[in-house]
Structure formats: structure tokens, C-alpha cells
Amino acid sequence: MAIERFHLSAKGVQYLNCFLTSYLTTHFTTMADPVSLLLAIIIAYLLGSLPFAIIVSKLFGLQDPRQFGSGNPGATNVLRSGNKSAAILTLIGDALKGWGAVYLAQTLFPQIGTTGFALVGIAAFLGHIYSCFLKFKGGKGVATAIGVLFALQAWLAGVTIAIWILIAVLFRFSSLAAIVASASAPVIYALMSLSGGDFIMSYFLSFVFIAAMLIYKHKKNIHNLMNGKESKIGSSKDKASTPPVARMSKKAKSKK
């Protein structure tokens, strides 16, 4: 029954994405400078596709994060290697590419406007989860989404991070924290912006799209949470998934 409900929700995400894509592309075709927008989107996608988890792991001489733990090329999985510095650099890199893509568009192509900036943010986010450098596979996009939020609405990024930390501290589930924080972002934006009179529809729709995709990318985690199989932050299950290479290096250091 739970699985059936999840399949229905997955279909809902697909319908929602179709609506959002239709709305945003309609605005795309009516913009004054579609060439600049297309160029900005391509740059954003390529930036988003940079797999910092793999780049940083190679620089630190670590195992490919796709070969252990969750198999996800992201900061959380890099942390399972036992190298906190590598995980932090991965987190920063993934967030910076989301922020940088939008910032470059705002600086180089200001004429594309808020709808264009929203599309650029989506392109960077999709680049991370469907990287052209990883055969159109990738991470779940949490850090990149935060970077996009920082560029579009910095205050919303701060609130989203605070929610993630709160849920992570209370329940010790990284995935649950990401799901709750991402689902909260568009709701909080709508409530705060409508009351303040600075609501931007294209931003709101991009936040809804990103939240829906983040939840969809966590479908396995949702299934594990519903069945009590999701590992908590710092749990023995999480440590058991540490790659042999990293565990051996830890033992070698302890002997010294």
C-alpha cells in the first residue's frame, strides 16, 4: 500500500513538472532576448554538471563515491569516506556552482530578467542530478539547490538551512531533513513574499520544481524511512558503509 501511494506521488511530480516546464518555456519564447537566455542556460547546465564529489575525491586520493555507501556523488557520501575536509569541499563546490550559475547570468545577461534567472537556476540544478559528465546521472542536488536559493533569494536559503539543521538534530535523518526543508522552501517563500508585496511567480515556480525533484530523487530514502530501514546520521549502519580503502587508512593512522 505504501509503495502504491508513492507511485501515485511520483506521477504527481511528473504532472507538476510538465505544468511548470510549460509555464516557464512559454515565458521563454516571449522574452526579448531568447539567444542570451539559451546561452545562459547552457552555461548553467555545464557548471551544474561538474561532479565535485568525484573531483575532490580524486584530489584527496579517495575512492570514487559512486562505488560505496549510497553510491551518490554528493557531500554526504564523500563524508562516509571518513575525510571531513573532502566532504566540506564537495559541499561548498556543489553549492557554489548553483550560486555561480545564477550570479553569472545576473551579471552577464541581466536582460533575461527574473524568469530567465529562474530557468538558469533550474538548469544548474538539473546539471547536478543529470550530469553530462556522468552519463546523465548525478547526485540528489541538495547543496546545488541551496546555492541557487542563495542567488535568487538569500534569506530563503538561510531559512531553509535552519530547517534542515533543526530536523537533522531532532531526528538524525539527513534525508528527512532534506525532504522537509525542500518542501518548506516554496511555501515559506509564498507566505513571506505575498505578505511583503515582492512575490515573483517565476521564482516560486522554480522553487516548487526544485522541491518536487528533490523529493523525487529521495524516493529510495522515503521508502527506507517508511520501513524503518533508513540509517541515521553517525549510526553504525552509516559507518558500516565506509569504503574499505578509507577504513584501512584510518587503522594505519591509529597504529602510528
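As the structure is a prediction and not an experimental result, all values here were calculated from the model.

I would appreciate a short explanation of the overall build of the chain in the present structure.
Each helix and strand in the chain was counted, giving 13 helices and zero strands. Taken from the N to the C terminus, the helices and strands of the chain come in the order α-α-α-α-α-α-α-α-α-α-α-α-α. Going through the 256 residues of the chain one by one, you find that 45% of them count as buried. Residue pairs in contact within the chain that sit at least 24 positions apart in sequence constitute 65% of those at least 6 positions apart.

Would you take a moment to explain the pattern of salt bridges for this structure?
Should their charged atoms come close, side chains of opposite charge can pair. Within the structure shown, the criterion is met by two salt bridges. Note that Asp94 and Lys97 form a salt bridge whose closest N and O atoms lie 3.5 Å from each other. Highlighted residues: Asp94 and Lys97, both in helix α5 (residues 84-108), separated by three residues, approximately one helical turn. By relative accessible area, Asp94 is classed as buried at 3%.

Which parts of the structure should I look at to understand the packing of aromatic side chains?
A ring pair, where both rings are aromatic, is described by two values, the distance of the centres and the angle of the planes. Under the definition given, this model contains six aromatic pairs. When the ring of Phe199 is compared with that of Phe204, the centres are 5.6 Å apart and the planes differ by 50°; the resulting orientation is tilted. Classification of Phe199 by relative accessible area gives partly exposed; the value is 27%. The side chain of Lys219 reaches across the aromatic face of Tyr216, ending 4.5 Å from its centre.

Looking at this structure, how should I read the packing of helix α6 (residues 113-129) against helix α10 (residues 201-217)?
Packed helices, taken two at a time, are described by their axes: the angle between them and the distance between them. Two elements in contact, α6 and α10, have axes separated by 8 Å at closest approach and are oriented at 15°. Considering their axes alone, α6 and α10 lie roughly parallel with respect to each other. Here α6 runs over α10; the crossing is right-handed. On α10, the residues that touch Thr114, Thr115, Phe117, Ala118, Ile122, Phe125, Leu126 and Ile129 of α6 are Ser202, Tyr203, Ser206, Phe209, Ile210, Met213, Leu214 and Lys217. Looking at side-chain class alone, the contact of α6 with α10 contains eleven nonpolar, four polar and one charged residues.

What's the story with unusual backbone geometry in this structure? I'm lost.
Across the chain, the bulk of peptide bonds are trans and the bulk of non-glycine residues have phi less than zero. A positive phi angle, near 55°, is found at Lys135, a position not held by glycine. Relative to the elements of secondary structure, Lys135 occurs in the loop between α6 and α7 (142-152). Its identity as a non-glycine residue notwithstanding, Phe136 has a phi of 60°, on the positive side. Checked against the element boundaries, Phe136 lands in the loop between α6 and α7. On the basis of relative accessible area, Phe136 is assigned to the exposed category, the value being 55%.

Looking at this structure, how should I read the packing of helix α3 (residues 52-59) against α5?
Contact geometry for α3 and α5: axes closest at 9 Å, N-to-C directions at 145°. Judged by the twist between their axes, the crossing of α3 over α5 is right-handed. Between α3 and α5, the residues in contact are Phe52, Ala53 and Val56 and Ala86, Leu89, Thr90, Gly93, Asp94 and Lys97, respectively. Taken together, the residues of the contact of α3 with α5 sort by class into five nonpolar, two polar and two charged.

Rules and cut-offs
Residues numbered from 1 in each chain as written. Predicted model: local features only at pLDDT ≥ 70, side-chain atom pairs only at ≥ 80, totals over all residues. Heavy atoms only, no water. Helix = DSSP H or I, 4+ residues; strand = E, 2+ residues; numbered from the N terminus. Buried < 20%, exposed > 50% of the residue type's maximum accessible area, 1.4 Å probe, protein only. Contact = heavy atoms within 4.5 Å. Salt bridge = Lys/Arg side-chain N within 4 Å of Asp/Glu carboxyl O. Phe/Tyr/Trp six-rings, centres within 6.5 Å; stacked < 30°, edge-to-face > 60°. Lys NZ or Arg CZ within 6 Å of the ring centre and 35° of its normal. Axes fitted to C-alpha atoms, helices over the stretch in contact; angles between N-to-C directions. Parallel < 35°, antiparallel > 145°, perpendicular 65-115°, else oblique. Left-handed = near helix turned anticlockwise from the far one by under 90°. Nonpolar A, V, L, I, M, F, W, Y, C, P; charged D, E, K, R; others polar.

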